[in-house]
4 protein chains.
Amino acid sequence: MKNTFGQSVCVTVFGESHGQAIGAVIDGLAPGITVDNDFIASQLTKRRPKSSIDTSRQEKDEYSILSGVFEGKTTGTPIAIVIPNENTRSKDYSKIRCLARPSHADYSAYCKYHGYEDYRGGGHFSGRITAAIVAAGAIVMKALNEKGIKIGTHILKCAGISDSAFSNIENEIDALSKKDFPTISDIEDKITEKILEAKLQKDSVGGILQTAIIGMPAGVGEPIFDSVESVISHALFSVGAIKGIEFGSGFSMADMLGSEANDQLEIKDGKIVTKTNHNGGINGGITNSMPIIFNCVVKPTPSIAKEQDTVNFINNKNEKITIEGRHDPAIVRRACVVVESMCALCIADMLAQRFGTDYLGGK
Amino acid sequence: MKNTFGQSVCVTVFGESHGQAIGAVIDGLAPGITVDNDFIASQLTKRRPKSSIDTSRQEKDEYSILSGVFEGKTTGTPIAIVIPNENTRSKDYSKIRCLARPSHADYSAYCKYHGYEDYRGGGHFSGRITAAIVAAGAIVMKALNEKGIKIGTHILKCAGISDSAFSNIENEIDALSKKDFPTISDIEDKITEKILEAKLQKDSVGGILQTAIIGMPAGVGEPIFDSVESVISHALFSVGAIKGIEFGSGFSMADMLGSEANDQLEIKDGKIVTKTNHNGGINGGITNSMPIIFNCVVKPTPSIAKEQDTVNFINNKNEKITIEGRHDPAIVRRACVVVESMCALCIADMLAQRFGTDYLGGK
Amino acid sequence: MKNTFGQSVCVTVFGESHGQAIGAVIDGLAPGITVDNDFIASQLTKRRPKSSIDTSRQEKDEYSILSGVFEGKTTGTPIAIVIPNENTRSKDYSKIRCLARPSHADYSAYCKYHGYEDYRGGGHFSGRITAAIVAAGAIVMKALNEKGIKIGTHILKCAGISDSAFSNIENEIDALSKKDFPTISDIEDKITEKILEAKLQKDSVGGILQTAIIGMPAGVGEPIFDSVESVISHALFSVGAIKGIEFGSGFSMADMLGSEANDQLEIKDGKIVTKTNHNGGINGGITNSMPIIFNCVVKPTPSIAKEQDTVNFINNKNEKITIEGRHDPAIVRRACVVVESMCALCIADMLAQRFGTDYLGGK
Amino acid sequence: MKNTFGQSVCVTVFGESHGQAIGAVIDGLAPGITVDNDFIASQLTKRRPKSSIDTSRQEKDEYSILSGVFEGKTTGTPIAIVIPNENTRSKDYSKIRCLARPSHADYSAYCKYHGYEDYRGGGHFSGRITAAIVAAGAIVMKALNEKGIKIGTHILKCAGISDSAFSNIENEIDALSKKDFPTISDIEDKITEKILEAKLQKDSVGGILQTAIIGMPAGVGEPIFDSVESVISHALFSVGAIKGIEFGSGFSMADMLGSEANDQLEIKDGKIVTKTNHNGGINGGITNSMPIIFNCVVKPTPSIAKEQDTVNFINNKNEKITIEGRHDPAIVRRACVVVESMCALCIADMLAQRFGTDYLGGK
């Protein structure tokens, strides 16, 4: 459904990078959820550029909640969140209007929208829109936490530097939630150094994010088509930079034998668990109560200052392009909270489908 | 929507491994598409076990089309396809009814369906259901071919043996369409040997499939949430064994610089193309007219004859399990046509949304 | 979604009047619901022609349930029901292939399907398809009854003869459920006489049906767009003959003052009730625990034996048409169980959305 | 989907009567549609109270378009429209917080939202929200007009006074579009007098609206479940006051014979038309190119100043209520443009499904 996602808890997003505002409408969320503005603000802060490894475009992200919240709690009717755009410098873009920035949506969007698209700063395809997803996700995340469900994402790999994988998940999620630079091991400096190196070369880097979701009850998911993997992957591939996702041991299962990849089961502390978690907490598209684990790859930021070959897609000529403007040499750090937020929306939707529209709420 | 997928062209699937029949209903397909029963049969044959590396369960897959086809062509109203189940040996399963087969959906389905699920042979979670998807996909595939769109899938890797990646795509797709064992290089014997080795060890293997779609017009896809990647990944993660998907260069982009990963553009033969295709034909969730390329990982078949640890999930006790019955030591070969078929349904849906419900039809 | 309806409990229908079979797939129904074949058969019997006021086409409606039911209970996975077509006499139709039967879908379907539609007996637009809806609805109806929810429909008016409106609803629903000819007052003979009179004149009659649903909890409905009225009207207007619907006092509210139309409230036996029920149990699109009441109008059967003016829509010429074949001079009687069945599916869907996918089931 | 409606062109609404703002997001609209702010404003003016027969609450309805419009034209990405609330007097409502206003959604909403609902002024169930629908509909209406499709609604009946039915439809639609008080005959004064009489009695009146849509191509509609009647009725029953809808001759067909109700066909000026239009331009759920005609009933405004019996739904006690605040003694006049606007959204959606996402746009 284009810009609306979800069956029971739905989110609709709108906005362009250099338009008046971006925003989101969350519908179907249970009534009685406490809306914690400090938490929303802190999540938005995690997404915001803050250092030399990020873009220099600064936005305050001063969101307004226009509806659906009354006396500090969700009403059960749609919550509209609007975040004005500020600090836009559209002139940066106008001179390259007809040039397809390589690996951007300029040309494909032109083919779809016939030139009517708002091309400034990537328009609707800008990462800017993810701010609305983060705000929406923050409201939902709090409600999930109340139910004992926690979501955390860290940079598993960036610019050739690898982080430790999740092992002691709950503690790691708690620790990550307080970090600006979400890694499990102490590798921020190394990564930063590599990113700045790329930036100096007018280049950019990508990476891999790892996400864990704990506390999910078993028996959630709506196969075959709304398997947990289907829903999460659908949501995450809406984030422009993500080009791959794997659940549990994912692609490395190609090299395992069945006897290695199978998650044998046991009773532990009276509960049914698996000894390994190669399936990432999901069997047959349904949760099995083990942590949901997945990795997604974030491609290098396509906006780089190096000269590149491209075409003018209006007069069909070969051209050179040098992308000016303020760009992130790496967005992996900022993408973590976006992935977490999209996940929170997916999880809330699956729980509401399974247990009804009141499940996450105050009653 | 659980067992219905698609917005404009939709498929609904039903059935259990050992029930009376499985089937699919395709809705929204354009009127006037020629239904080629030979092609449907040949696609079903590709999915059917045929040698020592497959299960010994044999099904004739004698489908009936109950509706939606008149005088050899689609009518535009729902096409119901039913494939009876035969050769079921339910006794193989009853003795392990309460034992969770590791990495199967037995326990997670029990948590969702409270023991009412048809547990025989994996029930609704069996790969058996994919036969219906193949039959449905075959009808659509023919219509896509008429529009110049071709889809091909090969085994990129299995049991440690790697195939060549797509390079001369159209020819390779044509060649693959005629093969029982879909690889580009001549590696069938090597892979077969490895699979039989695993089988002898009462074990199984997995692999990676690579799919290419050519002939897609630029400007198709419904971002942000119905990006081409979102729709295809959603569909593919409905296939039980698939645990990861990557578009274009996917996870390997984590180690590239922006200048390496970016697909620079040029005019070639008067058309706008990219010099590389790291983005797999999709930018901002919209096709750019380059081939759509993706890989997906198929985990090793979880049913293995080796003894494994598990639990009895009804009395909550630790147990051992030895899975009898007839199982595939590798399903990568049979999965290729399933992936192609799901893709065909996704592509048809996206085209119908974009260009209207007549697009693929006789008018 | 064309031939799939519902959000949480969905039904997909397929088939044509003279094709191989018609059928339905119910998805999302809770596991553990007892499937009562006697009840399904008895509901189908109510829809079947049985006397001189109905068509002489006889179908046994020997349905098969192909999936989703195991050991007599729903599994929670899709239930496919197939009803073969028999006793089709396609030659009745071929001679009028290019003539638009007045008030039928022949011409509008031709414009949509470009001549590829199965025109025999109305094809997909035949009332025949409602047999599948009745079978599907019967499964759901039983589950609703277990929850204390009852649905009844009677002929409020037919051929100028009026029935009493619902007053002592529960008793009336119980009585109606046992009747072949569902009226509250003893007017069967009078109506039959009028219908036979029309038949003799090679003509047909229509009527109004009244439906009541009792036992619905307050607080169900998903406004603003999935109001209870929206969902029920959407479903009912899928039945070809229905051209109007009104909830509660409906159109007669146009002539009331607010003080007359308002349903004042009171506490009765400790419960909140309204003194009148002009709103038909729904306020703001949400149930208020009062009976849901609505009327729908069934137009006279368009197939009449009288000569009529029409056009040949292929060569664009004026023509005369005399419709042969076996037709109902009135379908109001047979439509009652169809309306009840569609309602049952709507109600089940709304309850599952509100209270989760287990709500109607065995756990 | 609760507050999102449509398959290809979708609208999402949000807001409460006394919250910060109301609004709508239109998604899927073709790129290149000219956005005519004067027309939007003039449509909003038609909905606004303007005389003694309307509420004295005055809103300027100064909408902002936050996204999806660039250089005066639609971009093809979501259009967010926000209309701030002003002139709210919440104190009017707080004293009756626990008292169910008869025929309002207070009690049913309380049962659904458990007291977390924003009860002020009816909250999300207020007619206030229809301003957003009117603004959204106005954008779409202009695009329909460009395609030769026109929609008009008049007061067919109010307070016992009847208007002429549509007869010379195109002229009448054109005339209605310029009127504040949309009637075909000159009956404004008579109706006004009756409304003021009711107001004096602290009472209110209802009425019937008649809508015509001309210029629709034949072959549009997605049966069986997304029949044209299904989609329009679904949308209209989202408007709180509407309790009945009938297409073509609707309920009066109950008293016709088939030979009277059937629309015989003829070739006229080389085109296929029907001699009558009892089916309201729709056969089998698909347009036949004749005008789509329907009537809907608007119940008397439930807010009346007369004392009424009610209950306190929190302490379960019988009470009296006298509704203060500023209310409309009749909303039929203001409802006309709301019905037209909802229709425009439905029609745009059906056309986009049928002919693709570019159909209404600039290319």
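Residues numbered from 1 in each chain as written. Chains lettered and ligands numbered in written order. Predicted model: local features only at pLDDT ≥ 70, side-chain atom pairs only at ≥ 80, totals over all residues. Heavy atoms only, no water.

1. Let's talk about unusual backbone geometry
Step number 1: Residue B:Ile224 is bonded to the preceding B:Pro223 through a cis peptide linkage, with omega at 5°.
Step number 2: With respect to the element layout, B:Ile224 can be found in the loop between β10 (207-214) and α7 (228-236).
Step number 3: At A:Ser103, a residue that is not glycine, the phi angle is positive and equals roughly 65°.
Step number 4: Relative to the assigned elements, A:Ser103 resides in the loop between α2 (91-94) and α3 (106-113). (Helix = DSSP H or I, 4+ residues; strand = E, 2+ residues; numbered from the N terminus.)

2. A look at the interface of chain A and chain C
Step number 1: Each side of the interface is counted separately: chain A has nine residues, and chain C has nine residues.
Step number 2: For the chain A and chain C pair, buried surface summed over both sides reaches about 590 Å², with 24% attributable to carbon and sulfur atoms.
Step number 3: If you look at where chain A meets chain C, you find two salt bridges.
Step number 4: One salt bridge connects A:Asp358 with C:Arg354, and the closest N-O pair in it is separated by 3.2 Å.
Step number 5: Applying the counting criterion to the chain A and chain C interface returns four residue pairs in polar contact (both at pLDDT 80 or more). (Contact = heavy atoms within 4.5 Å. Buried area = accessible area lost by both parts, 1.4 Å probe. Salt bridge = Lys/Arg side-chain N within 4 Å of Asp/Glu carboxyl O. Polar contact = N/O pair within 3.5 Å; in protein donor to acceptor, adjacent residues only side chain to side chain.)

3. Some thoughts on the packing of aromatic side chains
Step number 1: Here the structure, examined in full by the defined rule, presents 34 aromatic pairs over all chains.
Step number 2: Both rings, one in B:Tyr110 and one in B:Phe313, keep their centres 4.7 Å apart while their planes meet at 45°; by these two values the pair is tilted. Residue B:Tyr110 is located in helix α3 (residues 106-113), and its partner B:Phe313 is located in the loop between β17 (307-312) and β18 (317-322); the two are separated by 203 residues in the primary sequence.
Step number 3: A centroid spacing of 6.2 Å and a plane angle of 40° characterise the contact between C:Tyr113 and C:Phe125, whose relative ring orientation is tilted. With C:Tyr113 in helix α3 (residues 106-113) and C:Phe125 in the loop between α3 and α4 (130-146), the pair connects residues that are twelve residues apart, well separated along the chain.
Step number 4: Through a chain of ring-to-ring contacts, three or more aromatic side chains come together here, namely A:Tyr107, A:Tyr110 and A:Phe313.
Step number 5: Over the ring of C:Phe39 we find C:Lys142, and its NZ or CZ is 5.1 Å from the ring centre. (Phe/Tyr/Trp six-rings, centres within 6.5 Å; stacked < 30°, edge-to-face > 60°. Lys NZ or Arg CZ within 6 Å of the ring centre and 35° of its normal.)

4. Some details on the packing of helix α1 (residues 37-47) of chain B against helix α9 (residues 332-355) of chain B
All names here are of chain B.
Step number 1: Axis separation between α1 and α9 bottoms out at 7 Å; the angle between their running directions is 140°. It follows that α1 is oblique to α9 by the angle criterion. Residues Gln 43, Lys 46 and Arg 47 of α1 form the contact with α9, whose participating residues are Arg 333, Arg 334, Val 337, Val 338 and Glu 340.
Step number 2: Broken down by class, the residue content of the contact of α1 with α9 amounts to two nonpolar, one polar and five charged. (Axes fitted to C-alpha atoms, helices over the stretch in contact; angles between N-to-C directions. Parallel < 35°, antiparallel > 145°, perpendicular 65-115°, else oblique. Nonpolar A, V, L, I, M, F, W, Y, C, P; charged D, E, K, R; others polar.)

5. Points about the sheet that holds strand β3 (residues 21-27) of chain C
All names here are of chain C.
Step number 1: Spatially, β1-β2-β3-β7-β4 is the arrangement adopted by the five strands of the open sheet, whose pairing is antiparallel. One side of each edge strand has no neighbouring strand; the edge strands of this open sheet are β1 (4-5) and β4 (64-65).
Step number 2: Relative to strand β2 (residues 10-15), β1 runs antiparallel, the two being bridged by two bridges. Residue pairing for β2: Phe 5 is matched across the bridge by Val 11. (Pairing = 2+ DSSP bridges.)

6. Things to note about the side chain of B:Glu16
Step number 1: Within the fold, B:Glu16 resides in the loop between β2 (10-15) and β3 (21-27).
Step number 2: For the buried B:Glu16, no salt bridge is present, and the opposite-charge side chain at shortest range is B:Arg120, 6.2 Å distant.
Step number 3: Within the structure, B:Glu16 has its side chain in polar contact with the side chain of C:Thr77 (distance 3.1 Å).
Step number 4: What B:Glu16 contacts, discounting residues up to four positions off in sequence, is B:Ala21, B:Ile22, B:Asn85, B:Asp118, B:Gly123, B:His124, C:Ser67, C:Gly68, C:Thr75, C:Thr77 and C:Pro78. (Buried < 20%, exposed > 50% of the residue type's maximum accessible area, 1.4 Å probe, protein only. Lys, Arg positive; Asp, Glu negative; His and termini not counted.)

7. Notes on the side chain of D:Asp226
Step number 1: Structurally, D:Asp226 can be placed in the loop between β10 (207-214) and α7 (228-236).
Step number 2: Of the buried charged residues, D:Asp226 lacks a salt bridge, with C:Lys2 as the closest side chain of opposite charge at 6.9 Å.
Step number 3: One polar contact links D:Asp226 to C:His234, side chain to side chain, over a distance of 2.8 Å.
Step number 4: Apart from residues lying up to four places away in sequence, D:Asp226 is in contact with C:Met1, C:Lys2, C:His234, D:Gln7, D:Gly221 and D:Val231.

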